[in-house]
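Single-letter residue listing:
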Number of protein chains: 2
Amino acid sequence: TSAGDRGAIEQLLDPIHPADIAHLIEQLPPRDRTALIEVWKGVDGEILSELDEGLREEIIDTMAPAELAEVVRDLESDDVVDLVEYLDEDQQEAVLDVLDGAERLAVEKALSYPEESAGRHMQVEVVRAPDHWTVGEAIDFLRSDVELPDQFYHVILIDARLKPVGYVTLGRILSARRGQKLTDLAEESFRSFHVEDPAADVAHAFNHYHLISAPVVDDDDRLVGIITIDDAMTLLDEEHEEDILRLAGVGEGSLSDTVLETTKQRLPWLAVNLVTAILASMVIGLFETTISGLVALAVLMPIVASMGGNAGTQSLTVAVRAIATRDLTGSNVWRVIRRELAVGLFNGLVFAVLMGTVGWVWFGMPMLGVVLAVAMVINLVVAGLAGTVVPVILEKLGVDPALASGAFVTTVTDVVGFFAFLGLAAVMIL
Amino acid sequence: TSAGDRGAIEQLLDPIHPADIAHLIEQLPPRDRTALIEVWKGVDGEILSELDEGLREEIIDTMAPAELAEVVRDLESDDVVDLVEYLDEDQQEAVLDVLDGAERLAVEKALSYPEESAGRHMQVEVVRAPDHWTVGEAIDFLRSDVELPDQFYHVILIDARLKPVGYVTLGRILSARRGQKLTDLAEESFRSFHVEDPAADVAHAFNHYHLISAPVVDDDDRLVGIITIDDAMTLLDEEHEEDILRLAGVGEGSLSDTVLETTKQRLPWLAVNLVTAILASMVIGLFETTISGLVALAVLMPIVASMGGNAGTQSLTVAVRAIATRDLTGSNVWRVIRRELAVGLFNGLVFAVLMGTVGWVWFGMPMLGVVLAVAMVINLVVAGLAGTVVPVILEKLGVDPALASGAFVTTVTDVVGFFAFLGLAAVMIL
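Residues numbered from 1 in each chain as written. Chains lettered and ligands numbered in written order. Predicted model: local features only at pLDDT ≥ 70, side-chain atom pairs only at ≥ 80, totals over all residues. Heavy atoms only, no water.

### Observations regarding the overall build of chain A
On a plain count of helices and strands, chain A comes out with 20 helices and six strands. Within chain A, the proportion of its 430 residues that are buried is 53%. For chain A, the proportion of contacts with a sequence separation of at least 24, taken over those separated by at least 6, is 66%. Summing over all exposed atoms, chain A offers an accessible surface of approximately 18,200 Å²; the carbon and sulfur share of this is 57%. Distance between charge centroids for chain A: 7 Å, based on 28 positive and 68 negative side chains. (Helix = DSSP H or I, 4+ residues; strand = E, 2+ residues; numbered from the N terminus. Buried < 20%, exposed > 50% of the residue type's maximum accessible area, 1.4 Å probe, protein only. Contact = heavy atoms within 4.5 Å. Areas by Shrake-Rupley, 256 points an atom, 1.4 Å probe, with all protein chains shown as cover. Lys, Arg positive; Asp, Glu negative; His and termini not counted. Charge placed at Lys NZ, Arg CZ, Asp CG, Glu CD.)

### Remarks on the packing of helix α2 (residues 18–27) of chain B against helix α3 (residues 30–40) of chain B
Residues and elements named next belong to chain B. Relative orientation of the contacting elements α2 and α3 amounts to 135 degrees, with a least axis distance of 8 Å. Of the possible angle classes, the one that applies to α2 and α3 is oblique. Residues Ile21, Ile25 and Glu26 of α2 form the contact with α3, whose participating residues are Arg33, Leu36, Ile37 and Trp40. Of the residues belonging to the contact of α2 with α3, the class tally is five nonpolar, no polar and two charged. (Axes fitted to C-alpha atoms, helices over the stretch in contact; angles between N-to-C directions. Parallel < 35°, antiparallel > 145°, perpendicular 65-115°, else oblique. Nonpolar A, V, L, I, M, F, W, Y, C, P; charged D, E, K, R; others polar.)

### Observations regarding the packing of aromatic side chains
Residue and element names in this part refer to chain A. If you walk through the whole model with that rule in mind, you get eleven aromatic pairs over all chains. When the ring of Trp362 is compared with that of Phe363, the centres are 5.0 Å apart and the planes differ by 20 degrees; the resulting orientation is stacked. Here Trp362 falls in the partly exposed class, since its relative accessible area comes to 32%. Here Arg191 stacks its cationic end above the ring of Tyr209, 3.5 Å away from the centre of that ring. (Phe/Tyr/Trp six-rings, centres within 6.5 Å; stacked < 30°, edge-to-face > 60°. Lys NZ or Arg CZ within 6 Å of the ring centre and 35° of its normal.)

### Description of the side chain of Asn332(A)
In this structure, Asn332(A) sits in the loop between α17 (296–324) and α18 (333–363). By relative accessible area, Asn332(A) is classed as buried at 3%.

### Structural notes on a nonpolar patch on the surface
Residues and elements named next belong to chain A. Together, Met367, Val370, Val374, Ile378, Val427 and Met428 make up a nonpolar patch on the protein surface, roughly 460 Å² of accessible area in all. Of all elements in the fold, only α19 (366–396) and α20 (401–428) reach the threshold of two or more residues within the nonpolar patch. With four residues, the single largest contributor to the nonpolar patch is α19. Within the secondary structure layout, Ile378 lies in helix α19. (Patch = residues over 30% accessible without salt bridge, like charges linked within 9 Å, V, L, I, M, F, W, Y side chains within 5 Å. Salt bridge = Lys/Arg side-chain N within 4 Å of Asp/Glu carboxyl O.)

### A few points about the interface of chain A and chain B
Between chain A and chain B, the contact holds 118 residues from the first and 118 residues from the second. For the pair chain A and chain B, the summed buried surface comes to about 10,000 Å²; carbon and sulfur atoms form 64% of the total. For chain A, the biggest contributors to the area lost against chain B are Leu174(A), Met233(A) and Leu255(A); these three give 8% of the whole. Inspection of the chain A/chain B interface yields four salt bridges. For the salt bridge of Arg321(A) with Glu241(B), the shortest nitrogen-to-oxygen distance reads 2.8 Å. Scanning the region where chain A abuts chain B turns up 52 residue pairs in polar contact (both at pLDDT 80 or more). With 18 residues, α17(A) is the single largest residue contributor to the side of chain A that touches chain B. Counted by class, the side of chain A that touches chain B contains 64 nonpolar, 32 polar and 22 charged residues. (Buried area = accessible area lost by both parts, 1.4 Å probe. Polar contact = N/O pair within 3.5 Å; in protein donor to acceptor, adjacent residues only side chain to side chain.)

What follows is the structure, given as structure tokens:
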């Protein structure tokens, strides 16, 4: 019976962590997934929060308003925002309708901030204390029947205008004398964010300064929320994931996406690559007569292009990462470019000698070896240059270098590779 | 004067966060860097901890034992381990010699665990309480003159055999009645690690289960240390960085490495790629007569290989990430492979129509278009297959898929791309 099935599923899933249940649901084939959810009816807010975006929308779509109300009831405001921010309007409205007044206001406020901003990711439940309080006053406040967040690590100190001026760890409060002033115990690491600060900057700052939590302020410098390190860790993880996938020309995708969704995600990048490849072919087309004269050129030419493409990818990945970690800046960009040029030259020389020998021995033509060698050096130097300059320029233009650098750099190394090799061959051999 | 310079530098750097000073030192050209460090003499343990590994060793090399002693004095044991673990033996000995007995023991113990393990990254300073204590007993203990770590978020509960059995957040302790039992306040999220658990697993678990801190136990299940979320965030960041760089064929490198170091890091990957490229050339070599008969083939053949290479990189990046996040497992690998095959087929058909038309129109040969189209479909399907199967097999063999997948997949798509296109042309056109 379905009721019996339900009981069995509940018994099975009860001891499992929500993150693991979400993981399990993601791994099921679509048909089993739908069946499980329908029979079990046990997907709660925590599990929904852990699910891939696509699946989350799918499941919310199947829920009645009353079920949804049940699901979001226990979530804190930032988790609700996380749950609804990418839902379509109908679904979003359905979730907001079931929230009580204050929470709905908090969620709507958060949704009014830009996507991927500090305001979207902060928690509005903050433990704060006037900056003139003593340890004793803070302890009495915490022990009163005030409602505290599930997890908190700091008490934020605010001045009379609600501006956060410092914070004290709970450990310090617990171990200090009652009479001590909170400001004397404040941590040096304190720094706050503005609601519209990009989430990527927040994640970077948490990682760079080893922050545990940080207050978020509005335009008037008033405390409106807090970001904690567990949120920052999630953000950092998402940023990285995005960078990796973008560098490979894969949009936002997950394993649970359908064939059609995945095809659509990957198609644009392949289309861009097709344009690159056709450009490279047109360069080869310029040398049709040269190739007719010596077919060995057609055999060897992909080597130069391929080595350039790989060297370019190496340089651009280092540059893209260094831009993301703020290690590559205006003050050292020229030094980095010089270094990449030198590395390209040295590796170019190594592989020039190698490939020059191979080209000579393989086809018995010393001049073919020389052409291959010179083209290799040229293309590896150009690869180092393009791999650094392209991401830096894209960043300056406000385009995500992780997303677009690959296509540009490969175009450059393909075009230069084929042109240098075939052009030199046309001049020096034929 | 040098003393005056030193004063000026100190005044300038004093208000700056150690992480930012490290960042600044990294960005200086090598000559200015050495000059700054020599005149200032202000590099402390915190700054050293933040520096790139290469620079850290360089600076420690210039320090006298007394200076080193000064530098490591204020660091907690996990930071000392972090500082010395990759130093050469002489330098490591020099640092260990300046530590006091107990700390030296803790650091040596940590160094005895495998590299990149939980034991290497844990902090031995733990706040623990017997599991039969009440909130009042815990508070009295914390307020006694016991030495507490700088940052701690949980009190770990241990049983009579020193086994950690749960933990309580400081927030709970602060807001509960004195008479309440600590075990009643224990968090559900509790989970512990073994000293030899891989650091990557620890980082993944923190991210997956939203942990804040987790006890580390030895072979006898006794509490020996704790890992906190800020360490886990650093680990996760390092794991990601490593994956991104490995996928691009860049070893462990940083912007402050010299030209020679960088050349050496990148050379092996380029050498592997050279082998790949030569293999592809040998395939082309099989068809020299075919190409002599129709040079247009040489013009168009890189397009098929390039599209296959890109589609393969897309699939393999998704697979490598999914393996890292434990989303790709034995239970769904066949479904993922089927999906990749279908995606390859669909994108192959789209680009087959496109390129078939281009090939036909460009060279006025309908049959050339057909060959290009069929080769495109074959290569994109093979790319999807290889992009998924190769990383999965490498993982099974215990090889990091991020490191080695690229070379294998590109070899497959190059070889299949050239072979399919030129082979079909040989059969169908000539």
